[in-house]
Amino acid sequence: MTGTRGYHHGDLRRTLLTAAVQVIEEAGPAALSLRDLARRAGVSHAAPAHHFGDKAGLLTALAADGFDLLAKALHGAGDDLLDRGVAYVDFAVRHRAHFEVMFRPDLYRPDAEELVAARQRAGAALNSGVAALPEDRPTAEDPQGDALAAWSIVHGFATLWLSGALPARVGDDPRAAARAIAGRLFPKE
């Protein structure tokens, strides 16, 4: 036995996904390799391929996990669109590695059944916040357009936050900053 502590009888799939998150947080998705994940988990270099097939398979599973986590975060925020928007930004900050992969379909298999279902759950969670908007709003006849606008606002803000591109006056609390910015366009009643 070596001096490093390897994987021991548990959920290897989850262990590998956790290691993938660490790699992506450290160096981005391009730095990810199945061989490195196997080394980190203390398993044979073939073990990750057994669970995921290849890197795209692993990133597909990671993106699906991310969309499921996002759906849970949005549902946990309540019905208000502003609260769901803040939850979206909070998710992006807390789950940066997932967020970096989820919206890069060039990295994974976008038509994978588990991914499509998870993406639909997350989309439905964000869209249901639009249903809580006032019915007399000027854009009420186009709820899908409102949902796209809301997603664009919070996704853009999250991306700008994560890249460090926002001005210092925004502050250092992403939730508060997102609430202030998004609240300008979809305020609470």
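Residues numbered from 1 in each chain as written. Predicted model: local features only at pLDDT ≥ 70, side-chain atom pairs only at ≥ 80, totals over all residues. Heavy atoms only, no water.

(A) Seen up close, the pattern of salt bridges. What the rule picks out here adds up to 14 salt bridges. The partner of Glu-114 in a salt bridge is Arg-13, and the shortest N-O contact between them spans 3.9 Å. Here Arg-13 lies in helix 1 (residues 12-27) and Glu-114 lies in helix 7 (residues 113-131), a separation of 101 residues in the sequence. We classify Glu-114 as partly exposed; its relative accessible area is 40%. When its relative accessible area of 27% is taken as the criterion, Arg-13 is described as partly exposed. Between Asp-54 and Arg-109 there is a salt bridge; the shortest N-O distance is 2.6 Å. On the criterion of sequence distance, the pair formed by Asp-54 in the loop between helix 3 (47-52) and helix 4 (55-76) and Arg-109 in the loop between helix 6 (96-102) and helix 7 is long-range, its members being 55 residues apart. The network of salt bridges with shared partners includes Glu-26, Asp-36, Arg-39 and Arg-40. (Salt bridge = Lys/Arg side-chain N within 4 Å of Asp/Glu carboxyl O. Helix = DSSP H or I, 4+ residues; strand = E, 2+ residues; numbered from the N terminus. Buried < 20%, exposed > 50% of the residue type's maximum accessible area, 1.4 Å probe, protein only.)

(B) Spotlight on the confidence of the model for the protein. A residue-level look at the protein finds 93% of positions with pLDDT of 70 or above and a mean pLDDT of 90. Scored below 50 in pLDDT, residues 1-5 shows one contact in the model against residues more than four places distant or in partner chains. (pLDDT = per-residue confidence, 0-100. Contact = heavy atoms within 4.5 Å.)

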